[in-house]
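Structure assessment
Chain by chain, the residues:
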Amino acid sequence: MLIPPPPRLCRWEGGCVAVALSLSLCLSTSVLAAPPPITTPSAALEEMIVSARRLPRPPGQTLAAVSVLERTDIERLQAPDLFALLGHLPGVQLTRNGGRGSLVSLFLRGSESNHVLVLVDGVRIDSVASGLASLELLSLDDIERIEVVRGPRSALYGSQALGGVVQIFTRRGGEAGLGVDFGLGSQRSVESGLTIDWQDSGAMFSAALRHADSQGIDHLLADGHPDRDAARTRSLRFTTGYDSESLGRWRLRHASSRAQLEGDVLPFPPLVLPADSEHSYEALRLARSSLAWDWQPLPAWSWHLELGRSRDRRESYGSYPGRYDSHRRSVAWWQELRLGEHGGQLALGGDHHWESLTGSYDARRASNGVFVHYQGHWEPLGLALALRHDDDDQYGERWTFSADVAWQLPRDIELALSWGEAFTAPSFNDLYFPGFSNASLQPEESQSLELRLSGSHSGVGWALAAFHQRVDELISYSFATQRAENTARAQIDGLELELNGVVEDWQWGAALTLLRPRDLDVGRDLLRRARYRLSLDLDRTLGLWQFGGGLEFTGERRDFGQQLAAYSLLNLRASRRLGAGLRLAVALENILNKRWEPAAGYQGQPRGVFLRLHYRLPLAGR
């Protein structure tokens, strides 16, 4: 019995909400935070955002709530992993089943964790079994840029973009050079990496090797047999390509990782008896590959073709032994036509996905989708429309539509209104997991409305968004039928306020999120979603030094019939450039050593320190 069913809402006979039959490492939810720094006008002219419209668009033309973390932000914030880094963005909530290396689940604007589409260089990385992406295994040293789009995007991407899209872009290489990274930290953590980049006459190559070991912490807050739950990962990635005026831009990418993870699993039910916790071991092999071609045969006509493949192989030992091996193959294509100076852009495209799983159970399915997208700008009005049709051999056909309108008001204020339909298809666990599944499940569906104001004045950027989302046909575990059913309904209302600015050598950011995530069937909040979260960040550059810190406040959350206490975390950071290509950085996590509970029965990271050394050696190249 290896594959845990996804973290689903389910109703106990007494009326409270619980997570669906989690016999292994699958629990989920909560955290939020502050926005990235204001982009300077010159940088904004060069920056393009891809994920909001599935095609490159300047930041001012996305007509969507988007947050971007560049490589400079990743280095400045010095987060130890993606769990901590994404917590600096508004609308994001995360949960983790214990310390570093354990299962991470990501939520956008209160939606479920499998309602978020996660892409790496355009390739879906979610497990075809659970629908969750293995964020805990991605190294920040390999990431160049992260785009987080809040709000539904099924009209462009199809299934799973109900809550939004997170796209991670790996390092692009840049100037030829050799990079070495080394780090030491608490819990006997050791990280090391080697990177090489090269480019010449249109050809490029970038590769990296990574290794990370941590003795870890005991994942449980209280345990009848305390221990340390270790994590070890090794990864390889490379990108090669060629840019030609006649043949276009080609990129071949591959990444693979192996991990050995230990963990404590609370049984279900009742999930909160420490003496009954079980110890498990997991061996993971993850791989993804893609071949992308961008071609512009005419100034007003461009093409994109991408072939992708991902594999997720897991073996579990200990209390819940088992294995599975899953594959996903994909083909995506679209073309864009620019319809003159004031005619806007028209995009037509489609994609095909083939998914299979063998192991504790066998399953397979295929889906096809086609979409049309139009976007135009006529000062002071901007408009974007998208329509998509999906056909899946398991759940049939679905149509989704979205519309975004923006008005440029006086004093550089923008008012935007967005409407979107979305859906999330049942995962293989929902459909076929023994003792839990229901092969007749239908996709979960939603309708969303958002009103957003944004602007920039006297060096201060700000954005205020109010959103409403209704989700129907939520998949939940029914104790009456003892299987998953399309029974639950949810309504999520919220407000997001972002502020950020740069004053001389000071850079600051703040984000406040107010959320009301309700299960309409039982009249209670959805599990593990805080009603409020405030995040503050402040950094200062002083010569070769950079100092900074972050303060996070997270409110109470309901979880398995109990209230998880509110908590606050204080983190500090500093870095110094020691010479050409050499940088030393130190990060202090949870310096007040607060005891906090990301999920019922599981503990968050205690006070810790991590020291990193980065060295870059330029190489000959053109």
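Conventions used here
Residues numbered from 1 in each chain as written. Predicted model: local features only at pLDDT ≥ 70, side-chain atom pairs only at ≥ 80, totals over all residues. Heavy atoms only, no water. Phe/Tyr/Trp six-rings, centres within 6.5 Å; stacked < 30°, edge-to-face > 60°. Helix = DSSP H or I, 4+ residues; strand = E, 2+ residues; numbered from the N terminus. Lys NZ or Arg CZ within 6 Å of the ring centre and 35° of its normal. Buried < 20%, exposed > 50% of the residue type's maximum accessible area, 1.4 Å probe, protein only. Pairing = 2+ DSSP bridges. Core = buried A, V, L, I, M, F, W, Y, C linked by side-chain atoms within 4.5 Å. Polar contact = N/O pair within 3.5 Å; in protein donor to acceptor, adjacent residues only side chain to side chain. Contact = heavy atoms within 4.5 Å. pLDDT = per-residue confidence, 0-100.

**Things to note about the packing of aromatic side chains**
Evaluated as defined, the whole model comprises 10 aromatic pairs. With centroids separated by 6.5 Å and ring planes inclined at 50°, the aromatic side chains of Y361 and Y432 adopt a geometry described as tilted. Pair noted here: Y361 is in the loop between β18 (345-359) and β19 (363-378) and Y432 is in helix α5 (residues 428-432), with a separation of 71 residues, a long-range link. Clustering of aromatic rings is evident, with ring pairs tying together W250, W293 and W295. The residue whose ring lies beneath R96 is F83, and the NZ or CZ to ring-centre distance is 4.1 Å.

**Some points on unusual backbone geometry**
Cis geometry marks the peptide bond from E379 to P380; its omega dihedral reads 5°. Within the fold, P380 resides in the loop between β19 and β20 (381-392). One non-glycine residue, E473, adopts positive backbone phi at about 60°. Take E473: it is sitting in strand β24 (residues 460-478). On the basis of relative accessibility, which here comes to 36%, the residue E473 falls in the partly exposed class. Residues other than glycine seldom take positive phi values, yet E504 does so here, at roughly 55°. Looking at where E504 falls in the secondary structure, it is placed in the loop between β25 (483-503) and β26 (506-519). Judged by relative accessible area, E504 falls into the exposed class, the value being 74%.

**Some thoughts on the pairing of strand β17 (residues 322-338)**
As judged from the 15 bridges shared by β17 and β18, these two strands associate in the antiparallel manner. Its bridge partner being in β18, W334 is matched across the sheet by G349. What sits between β17 and β18 in their antiparallel hairpin is a turn of six residues, with G340 showing a positive phi close to 85°.

**Regarding the nonpolar core**
Counting residues in hydrophobic clusters, the biggest one holds 31 residues, and the most contacted among them are L82, L85, L86, L106, I146 and V166. Of the residues forming this core, the biggest block, five residues, is contributed by helix α3 (residues 82-86). Membership of the second largest hydrophobic core comes to 18 residues, among which are A64, V149, Y157 and A386.

**Comments concerning the pairing of strand β5 (residues 104-108)**
Summarising burial for β5: five of the five residues are buried, a large majority. Neither face of β5 is left uncovered, since the one carrying V104, L106 and L108 and the one carrying S105 and F107 both have all their residues buried. As paired elements, strand β4 (residues 92-96) and β5 share five bridges and run antiparallel to each other. Bridge pairing in β5 links V92 to L108.

**Observations regarding the side chain of R210**
Relative to the helices and strands, R210 is located in strand β12 (residues 203-214). You can call R210 buried: its relative accessible area is 8%. Only 3.2 Å separates the side chain of R210 from the backbone oxygen of D141, close enough to count as a polar contact. Side chain to side chain, R210 and D181 meet in a polar contact 3.0 Å long. When sequence neighbours within four positions are dropped, the list of residues in contact with R210 reads S139, D141, D142, D181, S192, G193, L194, T195, T233, R234 and S235.

**Some words on the environment of T400**
Turning to its location among the elements, T400 is positioned in strand β21 (residues 396-409). Given the relative accessible area of 3%, T400 is considered buried. Measuring from C-alpha to C-alpha, the distance between T400 and L156 comes to 8.7 Å, with 244 residues separating the pair along the chain. When residues no more than four places from it in sequence are discounted, the contact partners of T400 are S154, A155, A386, L387, R388, E421, A422 and F423. Polar contacts involving the side chain of T400 include one to the main-chain carbonyl oxygen of S154, which spans 3.4 Å.

**Topic: the confidence of the model for the protein**
Averaged over all residues, the pLDDT of the protein equals 85, while 89% of them reach at least 70. The lowest-confidence element of the protein is strand β2 (residues 17-19), averaging 29 in pLDDT; the highest-confidence one is strand β22 (residues 413-424), averaging 96. The model gives residues 1-45 a pLDDT under 50, and that stretch makes 204 contacts with residues more than four places away or in other chains. Segment residues 269-276 is flagged for pLDDT under 50; beyond a separation of four residues in sequence, or across chains, it makes 12 contacts in the model.

**Notes on the sheet that holds strand β3 (residues 65-70)**
What the five strands build is an open sheet, ordered β3-β8-β9-β6-β7; its pairing is mixed. Each having just a single partner strand, β3 and β7 (123-124) make up the two edges of the open sheet. Where strand β6 (residues 116-120) meets β7, two bridges bridge the pair, whose relative direction is antiparallel. Across the sheet, L119 pairs through a bridge with R124, a residue of β7.

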